[in-house]
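Take a look at the letters that make up each chain.
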Amino acid sequence: MIDGNTESRVIEDVRTAARALPPGSRLPSVRELMARHRASPVTVQRALSRLAGEGLVVPRPGRGTFVAEKRATTEKAPDLGWQEVALADRPPLQAAPLDALLALPPDGAIPLTGGYLHPDLQPVAALGAALGRAARRPEPWGRLAVEGLQPLREWFAREAGGHVRGHDVVICSGGQPALATAFRALAAPGEPVLVESPTYLGAISALRSAGLRAVPVPTDADGVRPDLLAAAFALTGARVFYCQPLHANPTGATLAPHRRAAVLDAVRAAGAFLIEDDWARDLRIDGEAPPPLASDDPDGHVVYLRSLTKSAAPGLRIAAVSARGAAGARIKAARIIDDFFVSGPLQHATLELISAPAWRRHLKRLRAELRVRRDALTAALGEHLPDWQLQVVPAGGFHVWLRLPDDADDIALTARAAAAGVLVSPGRPWFAAEPPGPHVRLTFAGAPAPDLVEGVRRLAKVAAQ
Ligand SMILES: Cc1ncc(COP(=O)(O)O)c(C=O)c1O
């Protein structure tokens with residue numbers, strides 16, 4: 001076993017000595033360091049290798065370890081100015097909101113943001129066992145069919161339901177690449193794509209980086225408004241609509257049963273595709289979730305996306321996009337051009353994971369835990385921030401969406417909250433056009449319940465200032 005603490009102590013000890021001594025000086029021997037820190041030879045060697053990698057010490061086999069020669073500090077700074085000229089007239093990719101969303105929380109901060117499960121909710125033992133089993137066999141390391149592992153494709157097809165079959169599915173390394181591929185395969189640069197307003201900011205970034213225009217369609221507590229969806233199709237001539245019918249990120253809303261047919265009718269009437277991002281299917285808290293829209297799609301209008309990063313762990317970067325007919329062929333072509341195929345060991349491990357009884361047990365426990373955390377967060381909000389209007393109590397997913405008082409500034413509030421040790425996501429980047437008012441998105445999946453409550457207390461203090 002590697003003792004990280006001892007190793008760190010050895011590193012600090014040698015580093016301090018190396019900084020204090022002139023170049024070329026001999027440093028304490030391995031034997032001395034072992035005695036001084038009660039460390040094993042392996043630990044001491046690892047520490048010295050780290051320092052050698054940093055260029056601070058030089059090991060001379062058989063003679064000892066020495067302080068390295070100082071690097072010249074007068075090294076000329078590189079002149080990268082030419083890059084500005086080379087790149088100047090190409091607009092930079094707008095990844096800033098996604099960057100903020102994916103940033104790792106600093107120590108001590110409470111994350112009421114982020115899009116993944118807290119480590120205590122991830123099925124780490126089952127994942128490790130599945131990956132171990134997969135990695136020990138030879139086939140996963142070889143070539144795979146570019147569309148993905150057949151039984152995994154069939155599993156995703158069964159999850160979509162309706163007319164979707166295994167051969168309609170392409171395995172991708174996460175929902176984000178699946179989305180980017182679908183946009184690029186189904187629409188040409190300059191064309192409009194309809195999106196719910198607000199919507200997942202990563203979808204806005206992906207479609208804009210493909211040269212597409214995001215056209216917002218209003219939503220309410222029952223999901224997208226079908227009347228305005230039909231109007232938007234008519235007005236823009238769009239042929240793609242990106243939609244999250246279940247526990248939408250960020251609003252938490254689910255498309256109401258009485259709207260499902262009207263939404264599909266509007267899509268069919270426009271001769272368009274509906275990209276259904278079903279990221280929260282495994283994250284249902286209250287009762288049974290309605291089936292995917294893809295299960296009610298005889299004629300191939302729905303392109304169905306499903307990711308396992310949300311219900312398993314962010315490192316299990318496995319998702320699938322299902323599409324029929326020429327759309328499916330184009331998506332497959334786009335996927336191959338981008339990255340050939342997804343890592344075999346990861347695909348095999350995923351199949352092991354979802355086929356094991358432990359997966360069902362994990363999902364059951366996950367739903368129960370999400371309920372505890374959602375309820376803790378919403379109760380704390382009611383108690384400490386009664387002026388912030390909870391738009392929907394989500395029946396699943398990770399997030400709640402709050403309307404702030406009219407005079408609040410969501411961006412400034414987010415910055416002040418971060419300084420006070422609580423991380424939230426401001427509302428503005430979730431809108432493709434002007435937001436109708438200030439909002440924030442809070443996540444209940446990324447922290448244990450007591451931390452969520454403490455996070456809301458900190459937020460309330462910030463809001464009161
Ligand atoms: C709605 C939605 N779709 C897709 C994704 C992409 O997730 P991943 O690439 O980890 O599967 C996210 C991540 O936050 C999301 O919230």
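We now turn to the structure provided with this report. Here the structure is a predicted model, which is why all the values come from computation and not from measurement.

What counts as what
Residues numbered from 1 in each chain as written. Predicted model: local features only at pLDDT ≥ 70, side-chain atom pairs only at ≥ 80, totals over all residues. Heavy atoms only, no water. Helix = DSSP H or I, 4+ residues; strand = E, 2+ residues; numbered from the N terminus. Buried < 20%, exposed > 50% of the residue type's maximum accessible area, 1.4 Å probe, protein only. Contact = heavy atoms within 4.5 Å. Phe/Tyr/Trp six-rings, centres within 6.5 Å; stacked < 30°, edge-to-face > 60°. Lys NZ or Arg CZ within 6 Å of the ring centre and 35° of its normal. Pairing = 2+ DSSP bridges. Core = buried A, V, L, I, M, F, W, Y, C linked by side-chain atoms within 4.5 Å.

### Overview of the overall build of the chain
Turning to step 1, where the next piece is worked out: Along its length, the chain carries 16 helices and 16 strands.
Turning to step 2, where the next piece is worked out: With the principal axes as the frame, the chain shows a C-alpha extent of 80 × 60 × 55 Å.
Turning to step 3, where the next piece is worked out: Every one of the 465 residues in the chain was classed for burial, and the buried ones make up 50%.
Turning to step 4, where the next piece is worked out: A separation threshold of at least 6 residues defines the contact pool for the chain, and within that pool the share at least 24 residues apart is 73%.

### As for the packing of aromatic side chains
Turning to step 1, where the next piece is worked out: This model, assessed by the stated rule, comprises four aromatic pairs.
Turning to step 2, where the next piece is worked out: Consider the rings of tryptophan 155 and phenylalanine 156, whose centres lie 4.9 Å apart with planes at 75 degrees: the pair is edge-to-face. The exposure classification of tryptophan 155 matches that of phenylalanine 156, with both residues buried.
Turning to step 3, where the next piece is worked out: Relative to phenylalanine 431, the ring of tryptophan 401 lies with its centre 6.0 Å away and its plane at 45 degrees, an arrangement referred to as tilted. Of this pair, tryptophan 401 sits in strand β13 (residues 399–403) while phenylalanine 431 sits in the loop between β15 (425–426) and β16 (439–443), placing them 30 residues apart in sequence.
Turning to step 4, where the next piece is worked out: For phenylalanine 431, a relative accessible area of 7% translates into the label buried.
Turning to step 5, where the next piece is worked out: The ring of phenylalanine 66 is capped by arginine 60, whose NZ or CZ atom sits 4.9 Å from the centre of that ring.
Turning to step 6, where the next piece is worked out: Here the guanidinium or amino end of lysine 310 rests over the ring plane of tyrosine 116, the centre of that ring lying 4.4 Å away.

### Quick word on the sheet that holds strand β7 (residues 223–224)
Turning to step 1, where the next piece is worked out: Read from one edge to the other, the open sheet built from eight strands follows the order β4-β11-β10-β9-β8-β5-β6-β7, with strand pairing classed as mixed. Each of the sheet's edge strands pairs with one partner strand only, and the pair in question is β4 (169–172) and β7.
Turning to step 2, where the next piece is worked out: Looking at chain direction, strand β10 (residues 302–307) and strand β11 (residues 319–322) are connected through four bridges and run antiparallel. By the bridge assignment, arginine 306 is partnered in β11 with alanine 320.

### Some thoughts on the nonpolar core
Across soluble globular proteins, nonpolar side chains have a tendency to be buried as a group.
Turning to step 1, where the next piece is worked out: Ranked by size, the top nonpolar core spans 81 residues in total, and within it Phe156, Leu194, Phe241, Ile318, Leu370, Leu442 and Leu459 carry the most contacts.
Turning to step 2, where the next piece is worked out: Among the elements that line this core, the one with the most residues is helix α14 (residues 357–384), at seven residues.
Turning to step 3, where the next piece is worked out: With sequence-adjacent residues up to four places away left out, leucine 194 is seen in contact with Val215, Val217, Leu229, Ala232, Phe233, Thr236, Ala238, Val240, Phe241 and Tyr242.
Turning to step 4, where the next piece is worked out: Listed in part, the 36 residues of the second largest apolar core include Cys172, Leu186, Ala214 and Leu305.

All we've got here are geometric facts, nothing functional implied.
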